[in-house]
Number of protein chains: 2
Amino acid sequence: MTVELICVGTEILLGNIVNTNAAYMSEKLAGLGLSNYYQTVVGDNAGRLKATLETAVKRSDIVILCGGLGPTEDDLTKETAAEVMGRKLYEDEKAWKQIVKFFEKRKLNLTENNRKQAQVPEESIILYNKNGTAPGIIMEAPECKIILLPGPPGELIPMWETYVEDYLRKLSPEQFVSETVKICEAGESAVETELKDLIDKQTNPTIATYAKVGEVHIRVTAKGRDEKECRKLIKPVVKEIKQRFGAKIFTTDENVTLEQAVVQLMLENGMTLSTAESLTGGMLTSRLVNVPGVSDVLKQGFVTYSNKAKRKYLGVKRGTLDKRGAVSEQTAKEMAKGGASQTKTNVCVALTGIAGPDGGSEEKPVGLTYIAVCIEGKVKVKEYLFSGERQKIRESATTAALTLLRHYLLECLTEKTFGK
Amino acid sequence: MTVELICVGTEILLGNIVNTNAAYMSEKLAGLGLSNYYQTVVGDNAGRLKATLETAVKRSDIVILCGGLGPTEDDLTKETAAEVMGRKLYEDEKAWKQIVKFFEKRKLNLTENNRKQAQVPEESIILYNKNGTAPGIIMEAPECKIILLPGPPGELIPMWETYVEDYLRKLSPEQFVSETVKICEAGESAVETELKDLIDKQTNPTIATYAKVGEVHIRVTAKGRDEKECRKLIKPVVKEIKQRFGAKIFTTDENVTLEQAVVQLMLENGMTLSTAESLTGGMLTSRLVNVPGVSDVLKQGFVTYSNKAKRKYLGVKRGTLDKRGAVSEQTAKEMAKGGASQTKTNVCVALTGIAGPDGGSEEKPVGLTYIAVCIEGKVKVKEYLFSGERQKIRESATTAALTLLRHYLLECLTEKTFGK
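Residues numbered from 1 in each chain as written. Chains lettered and ligands numbered in written order. Predicted model: local features only at pLDDT ≥ 70, side-chain atom pairs only at ≥ 80, totals over all residues. Heavy atoms only, no water.

(A) Structural context of empty space enclosed by the protein. Summed over all chains, the structure comprises 5 cavities of 30 Å³ or more. Estimated volume of the largest cavity: approximately 110 Å³. Taken together, 13 residues make up the lining of the largest cavity; nearest its centre are Asn19, Gln39 and Val41 of chain A together with Asn19 and Val41 of chain B. Counting residues per element, the ones that place at least two in the lining of the largest cavity are helix H2 (20-32) and strand S2 (35-42) of chain A together with strand S2 (35-42) of chain B. Residues belonging to the lining of the largest cavity are distributed by class as follows: 7 nonpolar, 6 polar and no charged. (1 Å grid on protein atoms, 1.4 Å probe; cavity = no way out; pocket = protein on both sides within 12 Å on 5 of 7 lines; lining within 4 Å. Points joined across faces, edges and corners; volume = space filled by probe spheres on them. Helix = DSSP H or I, 4+ residues; strand = E, 2+ residues; numbered from the N terminus. Nonpolar A, V, L, I, M, F, W, Y, C, P; charged D, E, K, R; others polar.)

(B) Structural context of helix H6 (residues 153-171) of chain A. All names here are of chain A. At Trp160, H6 is deflected by roughly 50°, the largest bend along its length. Taken together, the buried positions of H6 are Glu155, Leu156, Met159, Trp160, Val164, Glu165, Tyr167 and Leu168. For H6, the secondary structure elements touched by its buried residues are H2, strand S3 (62-66), strand S6 (124-127), strand S7 (136-140) and strand S8 (145-149). (Bend = angle between axes of the 7 residues up to and from the residue. Buried < 20%, exposed > 50% of the residue type's maximum accessible area, 1.4 Å probe, protein only. Contact = heavy atoms within 4.5 Å.)

(C) Structural detail: the sheet that holds strand S17 (residues 378-385) of chain B. Read across the open sheet, the 10 strands follow the order S17(A)-S16(A)-S15(A)-S13(A)-S14(A)-S14(B)-S13(B)-S15(B)-S16(B)-S17(B); overall the sheet is mixed. Of all strands in the sheet, those bounded by a partner on one side alone are strand S17 (378-385) of chain A together with S17 of chain B. The mean inter-strand angle of the sheet, taken between neighbouring strand axes irrespective of direction, is 10°. In this sheet, strand S14 (residues 298-303) of chain B lies alongside strand S14 (residues 298-303) of chain A in antiparallel orientation, the contact comprising 3 bridges. When the bridges of S14 of chain B are listed, Phe302 of chain A appears paired with Phe302 of chain B. Helix-sheet contacts for helix H11 (residues 307-314) of chain A involve strand S13 (273-277), S14 and strand S15 (347-353) of chain A together with S14 of chain B, and the interaxial angle to S14 of chain B is about 35°. (Pairing = 2+ DSSP bridges. Axes fitted to C-alpha atoms, helices over the stretch in contact; angles between N-to-C directions.)

(D) Focus on helix H5 (residues 93-105) of chain A. Residue and element names in this part refer to chain A. For H5, built from 13 residues, the straight-helix expectation of 18 Å at 1.5 Å per residue is met to within 8% by its first-to-last C-alpha distance of 18 Å. Every buried residue of H5 is accounted for by Ala95, Trp96, Ile99, Phe102 and Phe103. Angular distribution of buried residues about the axis of H5 spans 120°; they occupy a single face of the element. For H5, exposure combined with an orientation more than 90 degrees from the buried face picks out Glu93, Lys97, Lys101, Glu104 and Lys105. (Expected span 1.5 Å × (residues − 1). Arc of directions from axis to C-beta.)

(E) Inspection of the environment of Val381 of chain A at higher detail. Tracing the backbone shows Val381 of chain A in strand S17. Between the alpha carbons of Val381 of chain A and Leu404 of chain A there is a distance of 9.1 Å; along the sequence they are 23 residues apart.

(F) Spotlight on the confidence of the model for chain A. Scored by pLDDT, chain A has a mean of 92; 99% of the residues are at 70 or more. The ipTM, which scores confidence in the relative placement of chains, is 0.78 for this predicted complex, and the corresponding pTM is 0.78. (pLDDT = per-residue confidence, 0-100.)

(G) Inspection of the sheet that holds strand S6 (residues 124-127) of chain B at higher detail. The sheet built from 12 strands is open, its strands ordered S6(A)-S7(A)-S8(A)-S3(A)-S1(A)-S2(A)-S2(B)-S1(B)-S3(B)-S8(B)-S7(B)-S6(B) with mixed pairing. Whereas interior strands pair on both sides, the edge strands pair on one side only; in this sheet they are S6 of chain A together with S6 of chain B. For this sheet, the mean angle separating the axes of adjacent strands, direction not counted, is 15°. Bridging between S3 of chain A and S8 of chain A involves 5 bridges; their strand directions are parallel. Pairing of Cys66 of chain A across the sheet is with Leu149 of chain A, part of S8 of chain A. The sheet contacts of H6 of chain A involve S3, S6, S7 and S8 of chain A, and relative to S8 of chain A the element is tilted by about 165°.

(H) Seen up close, the domain arrangement of chain A. Looking at chain A, the domain boundaries give domain 1 (2-171), domain 2 (175-251) and domain 3 (258-415). Put simply, the middle of domain 1 of chain A and the middle of domain 3 of chain A, counted by C-alpha atoms, are 50 Å apart. (Domains from an automatic or database assignment.)

(I) Spotlight on the packing of aromatic side chains. Scanning the model with the defined rule gives 10 aromatic pairs over all chains in all. What links up through ring pairs into an aromatic cluster is the set Phe302 and Tyr313 of chain A together with Phe302 and Tyr313 of chain B. In this structure, Arg48 of chain B packs its charged tip against the face of Tyr37 of chain A, placed 3.4 Å from the ring centre. One cation-aromatic arrangement involves Arg59 of chain B over Tyr38 of chain B; the distance from NZ or CZ to the ring centre is 3.5 Å. (Phe/Tyr/Trp six-rings, centres within 6.5 Å; stacked < 30°, edge-to-face > 60°. Lys NZ or Arg CZ within 6 Å of the ring centre and 35° of its normal.)

(J) Structural detail: the side chain of Glu334 of chain B. Residue and element names in this part refer to chain B. With respect to the helices and strands, the residue Glu334 is situated in helix H13 (residues 329-343). Here Glu334 falls in the buried class, since its relative accessible area comes to 8%. Engagement of the side chain of Glu334 in a polar contact is seen with the backbone nitrogen of Lys317, the distance being 2.7 Å. A distance of 2.9 Å separates polar atoms of two side chains, one belonging to Glu334 and the other to Gln330. (Polar contact = N/O pair within 3.5 Å; in protein donor to acceptor, adjacent residues only side chain to side chain.)

(K) The arrangement of the interface of chain A and chain B in detail. Each partner contributes to the interface: chain A provides 74 residues, whereas chain B provides 72 residues. Buried area between chain A and chain B, both sides added, is near 5,900 Å², and the carbon and sulfur share of it is 51%. Counting every contact that joins chain A to chain B gives 1 salt bridge. Taking the shortest distance from any N to any O, the salt bridge between Glu73 of chain B and Lys196 of chain A comes out at 3.6 Å. Our count for the contact surface shared by chain A and chain B stands at 26 residue pairs in polar contact (both at pLDDT 80 or more). Looking at the side of chain A that touches chain B residue by residue, the classes come out as 28 nonpolar, 30 polar and 16 charged. (Buried area = accessible area lost by both parts, 1.4 Å probe. Salt bridge = Lys/Arg side-chain N within 4 Å of Asp/Glu carboxyl O.)

Printed below as a string of structure tokens:
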């Protein structure tokens, strides 16, 4: 069963708004196991909308349109869809009563063109709108079903939850279930190569990789009669992936981020963390703080942007800064050691580097970064060279710091040099 | 001249990611005066991509595709586009060298399938990628031009700014020039109401508003024979907008961010800054650090997430924390005062609040935030109640802090209580 989305609105084509409706509906459709092969955005233009819709009904089993159900002249979705399906419009009494009530409630003046919103195509299912004036509409034909939904997310989402989700579930022949394996310390192409044999012979479940900044996500999706059957199909594949990537996998939970995995690891081992950031300027700490409950782990963050601050708060030696420079292995080490002892935390992560655009040299180019991790007094440091704009370099450094922190934590935990 | 967008990626169709690339490019195209009538999203499927592209080249002058340029098997955009345009692929030496360098820099293992990314269609313009491995490509034919761009925004946006913007500007039949007025301290609907008369009677130049987190951008776009004529048309409109919004306008430069405007203001007045963050956890400092040259202004940032750290590094009184709580007007004030005196900076901004999801109460709900600004020893504090998820609350608080800092700076500067 294939579904296709058509979002109607010139404001999307002008970039005034981001098309979050498409993302919302896409995710819901995936969960229902309905294949969504096309998404189209067209403006409030009858000709182009009609052409788009005619193409859609030919190639898809269900076409969902959102937007263009308003009362104004340039709202044409309903009229166009009715024309394509060969249905006449009539005024639905209940819809009109609801519109009148909606306006009375808000003490707004009803205008004649609001009547337009009570018009519905004959032989259609009407989805009454509790959060706005435009009713949703479902038109069924043997070859294709068309669903019309209002554009404002505040109206579309409740209408989806109230009517559309159940309507579509009944149509979905099979159940789809996905599991995601998230990997750090490996690029997408390396992951692909490692999985090539599995991907080549994939049928059900399917395997897809998604590249994120410093991460790769592998999604395994199975279809079956019910969730139990899907999970059974997914299990051996995820097991195989786990064997291949081992500790590079930081979670198999779709909703867990890298920073969450790191915070969780530290919580489980009763460890505390401090940070000392230079080029990232708080970006690492900010990502950690986005994890609810991080306060049990994260005690203090320093943004020591100036050399003076590096000396005063982290005890970096003047000699180190003079001889080796602020961006050096030695400075990173002293930042991490100093941060840990200052804050009396088990662990401190320190970053120093050149974010650019200026400040680079032949010997120390823009992007050069040193990340040091101090665990129970022992410091390890790694050199990186990140590329891109200032912001990109800082984002890469932040993800690299989380990855390195996790790496050394696991190393120490297996060596049992500390723990619970 | 009509342009059409095709975004390629199953992750968009599955709702894994929101299609922000389409919004970014749409806004840019509108600014260039190029008509964007269709946006389509297709998955990593050769057949459907080919069909979509064939339709697009028939009805549009320029087709921009993004995504699907990766090294993996399911990245098919380049191969499909080359096929549609009847071009063979060959390995571009420079592109390959760049990929090799990219991997060496990062000490990552180059795999055979990375070679795929160095393949480019014959007779095409190659847009070398400084932020990733996939080069962008422009293929020109009499009836249609095709532009291929990488999917990650961190690669697409710089490539657009470096090559695509100028390339498209040259193709635009008329000259379009835009000026952007950026406003803080006002919501979009308030701005629109204030501009209603101008927007209603707009023809050339046109006026469009764009809502951002805590900001509203007004874009004034004029079309004319040349830039000079456009600027002449824009000038009086921008002047009128300036009169209406006054100090709420933080810049009239498209490329200047709110944090840049604040840093610039402090630089011009020889002021130094420190930050003391709790709920934002470094997000404010991180945004400031994204401004090149910030080191002359920003001296130190504290992420005092624990009460202990608030006392130790900012000198917040135990009594204040006990009686008023960590999230209180008094704590925010003491954080700002303490941060300034600790670091001997003219200015310190402090934030404390409840980011949620837990920690809220009847009397102190999730989203409650106090932002304090200490300038030359004088502290002002403001209470906010932000809504949304944890991340959204923290982003809103960060923008609010920059806005409040700017507001008080201007106040003090006009009162001449300090300065150069």
